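Summary of structural features
What follows is each chain in one-letter form.
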Amino acid sequence: MPVFNVTGDVDPFLHVSLARGEKIYCESDAMVMMETNLELKGKMTGGIGAALMRTFANGESFFQQHIEAVRGDGDCLLSPTLPGAMRVLEVGAQQYMISDGAFVAATSGVELKVRTQSLGNALFAQSGGFFITETAGSGQLAVSGFGAMSELDVTPGKDVVIDNSHVVCWDNRLQYEISMTTGSSGGFLGNLINSQTSGEGMVLKFTGTGKVLVCSRNRAAFLAWTQSKPA
């Protein structure tokens, strides 16, 4: 099976080693370098229906890059669009839900499925709206976060509330719900006012047993900040 390794301390690369006949797929434009034994093609992963679903529901590329070691063993370097940390996850016994923009690459045995969310979660989510990406199969998965990345453990009686824009991915065993604020009372209008005055947006509350990966930076807030600065 291809071997994923994160290399570098600041804005790291994903280093992938493939034996002849092995293949991976990654987000469009992720490939930085590959040895000549490897071959790159743009393909619709999962067929046209799945590709369209990912594109319109989750904002991912219609065509993904597929890299295969066709002429012998070879290595490649991949990089996410935004600067920040990466993490390699083992998929199989555990599956994951992935926020928009977090996917970097996966071995060919990992499948990315699009599933529907509840109406309440869909109305407030930044992670796919009515749809969200979930892994299936087995292999390695690489995800990225804007800025630094940290792993949080959720256990019974120790629920966590996380700003929606900082969530990278989470165990699919966890239950989650989306709301406007961390408040438990005050009604819709009160929560809306509290959300605006506190500077917080949507939050995700996770319960159960599992882990959540979070990143230190908020893409939307950073973009708004850069646009507010004079030229």
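Now for a look at the structure at hand. Fair warning: this is a prediction, and the values are worked out from it, not measured in the lab. (Residues numbered from 1 in each chain as written. Predicted model: local features only at pLDDT ≥ 70, side-chain atom pairs only at ≥ 80, totals over all residues. Heavy atoms only, no water.)

**Remarks on the overall build of the protein chain**
Scanning the protein chain for helices and strands turns up four helices and 19 strands. Long-range contacts, defined here as pairs at least 24 residues apart, represent 78% of the contacts in the protein chain between residues at least 6 apart. Here the protein chain has roughly 11500 Å² of accessible surface; of this, 55% comes from carbon and sulfur atoms. (Helix = DSSP H or I, 4+ residues; strand = E, 2+ residues; numbered from the N terminus. Contact = heavy atoms within 4.5 Å. Areas by Shrake-Rupley, 256 points an atom, 1.4 Å probe, with all protein chains shown as cover.)

**With respect to the sheet that holds strand 3 (residues 23-26)**
Here we have six strands laid out as an open sheet, ordered 5-6-3-10-13-8, and antiparallel in their pairing. Each edge of the open sheet is held by one strand with a lone partner, namely strand 5 (38-43) and strand 8 (86-91). Strand-to-strand twist of the sheet, defined as the mean angle between neighbouring strand axes without regard to direction, takes the value 20°. Relative to strand 6 (residues 64-69), strand 3 runs antiparallel, the two sharing four bridges. Across the sheet, the residue bridging to Lys 23 is Glu 68, located in strand 6. (Pairing = 2+ DSSP bridges. Axes fitted to C-alpha atoms, helices over the stretch in contact; angles between N-to-C directions.)

**Comments concerning the nonpolar core**
In this structure, Leu 89, Leu 141, Val 143, Val 168, Cys 169 and Leu 213 are the most contacted members of the largest nonpolar core, which totals 17 residues. Contributions of two or more residues to this core are made by strand 8, strand 9 (96-98), strand 10 (103-107), strand 11 (110-116), strand 13 (139-144), strand 16 (167-171) and strand 19 (210-215). Non-local contacts of Cys 169, meaning those with residues more than four positions away in its chain, are made with Leu 89, Met 97, Ile 98, Val 143, Val 212 and Leu 213. Among the nonpolar cores identified, the runner-up in size contains 16 residues, and Ile 24, Ala 30, Ala 105 and Ala 142 belong to it. (Core = buried A, V, L, I, M, F, W, Y, C linked by side-chain atoms within 4.5 Å. Buried < 20%, exposed > 50% of the residue type's maximum accessible area, 1.4 Å probe, protein only.)

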